[in-house]
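Letter by letter, the chains look like this.
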Amino acid sequence: MAKTRSMTRDQNHDDASIRKTIKTCDPWSDLNHDVLFLIMMKFGVIDFIAFSGVCKSWRSFAVSNKNSFMVSKPPMSISISTDADENKCYLEDFEGRKLKISLPHSDYKTCVGVSCGYLILFGEKSNDFWLVNPITRHEFHAPFSFRNVNFYSPCLGAILVFSPLISGWVFVVFAIYYHKIWFVIVGKREWTYVSTPFRILDLHAFKGKIYTLHSINRLSEVRLFPTPKVTLLKIKNSPIPDFNYPAFVSFGENLYVMDRISEHLSNIQEINFSKMKWVSREKTGEEYAFFLRNPEQGAGFIRIESWADLHSQYGKYSFPYKSGEDRFFLAKMWYFFHDCFDASFLHQSVKTC
């Protein structure tokens, strides 16, 4: 009997030790942040979103480190349901996994671009714009006030740009072959416009400035504030080939002009602003990845990016250009996650969502 009591006491002591050990172990929510960061950086975007929903602690960690995560991730292709009753947006990664997102106000609207992480939806019948961030779910409405102007979606382009002069974001709209640029301060309803001397072929924001591209290799700088003005820039030389559909594309500190049609992508011209001249960059096509939108999907659809190992990330989706080592990726539209939070404070200034 004494032996039995002794065994019982020993067992109870062991059980108590186990319970104490379990109780003192750190829960998953308190996992070391350095370890969490290493784990998080191995995720794809879909896994990252799931990771951020595990608990409050992990969500807080994901939010505070989202920029580091997003800047390291390749883009996902975008497809938007044409079913008016579905209102869904699908982001697909390079492994074929899809992220389905509810997209309010998308019925009878066309996505004419992506800027600062916002999908830009335009309704031809309603003549208005809805901007929706599929990740943060923030949105805002921009009804177009010029009722005598009717846009055609495939020729329409739009961007969000921050203006230091007003310390606010501006929504800018243009149409290929038009002579006007329309804009509205985000959160306001008063649109205005500025006229250009030549038809616009493309518009691009670069280093805090807005540039327009015109026929015969003309280039202009657009200033919206305090007084809207378009200034034709004087370029010393004009070696640009006769592109069918020229378009801007920027990468890092450089601004290029290239053709929207894939057969001309190997010919890239850089705009050297310090010398105000065109510079041919024939080898650029071998150094970067080119992400293109289908030409029928809208005005601006070329982007250059660079990652450490293009073949491993995009191998099965690339198609070679002639015999070179260029990497071209074609989709209806691309979503670049490191742009998603560039306008992180934009929603703070918008009261009507």
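Residues numbered from 1 in each chain as written. Predicted model: local features only at pLDDT ≥ 70, side-chain atom pairs only at ≥ 80, totals over all residues. Heavy atoms only, no water.

Here's the deal with the sheet that holds strand S1 (residues 76-80)
Line of reasoning, step 1. The 4 strands lie next to each other as S3-S2-S1-S23, forming an open sheet whose pairing is antiparallel. Looking at the sheet topology across the chains shown, the edges are occupied by strand S3 (98-102) and strand S23 (334-335).
Line of reasoning, step 2. Relative to strand S2 (residues 88-92), S1 runs antiparallel, the two being bridged by 4 bridges. Within S2, the position partnered with Ile78 by the bridge is Leu91. (Pairing = 2+ DSSP bridges. Helix = DSSP H or I, 4+ residues; strand = E, 2+ residues; numbered from the N terminus.)

Notes on the pairing of strand S16 (residues 246-251)
Line of reasoning, step 1. In this structure, S16 lies alongside strand S17 (residues 254-259), joined through 6 bridges in antiparallel fashion. Each residue of the ladder has a partner; that of Pro246, found in S17, is Asp259.
Line of reasoning, step 2. Linking S16 back to S17 in an antiparallel pair, the connection comprises 2 residues, with Gly252 at a positive phi of about 60°.

Considering the UniProt feature "transmembrane region" (unreviewed entry) in the chain
Line of reasoning, step 1. Under the feature "transmembrane region" (unreviewed entry), the UniProt entry names residues 155-178.
Line of reasoning, step 2. Secondary structure within residues 155-178 divides into 0% helix and 67% strand; the distance between the first and last C-alpha atoms comes to 10 Å. (UniProt positions renumbered as here; feature names shortened; annotations may be inferred.)

Brief notes about the pattern of salt bridges
Line of reasoning, step 1. Under the defined criterion, the tally for this structure stands at 4 salt bridges.
Line of reasoning, step 2. Ionic pairing is found between Arg97 and Asp47, a salt bridge with its closest N-O pair at 3.4 Å. A residue pair is termed long-range when its members are at least 10 positions apart, and Arg97 in the loop between S2 and S3 and Asp47 in helix H3 (residues 45-51) qualify at 50 residues.
Line of reasoning, step 3. Glu253 serves as the salt-bridge partner of Lys207, at 2.8 Å between the closest nitrogen and oxygen. Residue Lys207 is found in the loop between strand S12 (200-206) and strand S13 (209-214), and its partner Glu253 is found in the loop between S16 and S17; the two are separated by 46 residues along the sequence.
Line of reasoning, step 4. Residue class for Lys207 comes out exposed when judged on its relative accessible area of 54%.
Line of reasoning, step 5. Exposure remark for Glu253: the relative accessible area of 60% places this residue in the exposed category.
Line of reasoning, step 6. Several salt bridges converge on common partners, so that one network encompasses Asp47, Asp93 and Arg97. (Salt bridge = Lys/Arg side-chain N within 4 Å of Asp/Glu carboxyl O. Buried < 20%, exposed > 50% of the residue type's maximum accessible area, 1.4 Å probe, protein only.)

Let's talk about the nonpolar core
Line of reasoning, step 1. Counting 26 residues, the largest nonpolar core has Phe51, Ile78, Leu91, Leu119 and Phe337 as its most contacted members.
Line of reasoning, step 2. In terms of residues, this core owes the most to one element, H3, which gives 4 residues.
Line of reasoning, step 3. Counting residues in hydrophobic clusters, the runner-up holds 24 residues, among them Phe151, Leu160, Trp169 and Val186. (Core = buried A, V, L, I, M, F, W, Y, C linked by side-chain atoms within 4.5 Å.)

Focus: the packing of aromatic side chains
Line of reasoning, step 1. The full count for this structure, using the stated rule, is 23 aromatic pairs.
Line of reasoning, step 2. Aromatic pair Phe144 and Trp191: ring centres 4.8 Å apart, planes at 70°, arrangement edge-to-face. Of this pair, Phe144 sits in the loop between strand S7 (139-143) and strand S8 (156-163) while Trp191 is found in the loop between strand S10 (180-185) and strand S11 (192-195), placing the two residues 47 residues apart along the sequence. Assigned by exposure class, Phe144 and Trp191 land together as buried. (Phe/Tyr/Trp six-rings, centres within 6.5 Å; stacked < 30°, edge-to-face > 60°.)

Observations concerning the environment of Pro197
Line of reasoning, step 1. Residue position: Pro197 is located in the loop between S11 and S12.
Line of reasoning, step 2. Note: C-alpha distance between Pro197 and Thr231 (34 residues apart in sequence) is 9.2 Å.
Line of reasoning, step 3. Beyond its immediate stretch of four places on either side in the chain, Pro197 contacts His179 and Val230. (Contact = heavy atoms within 4.5 Å.)

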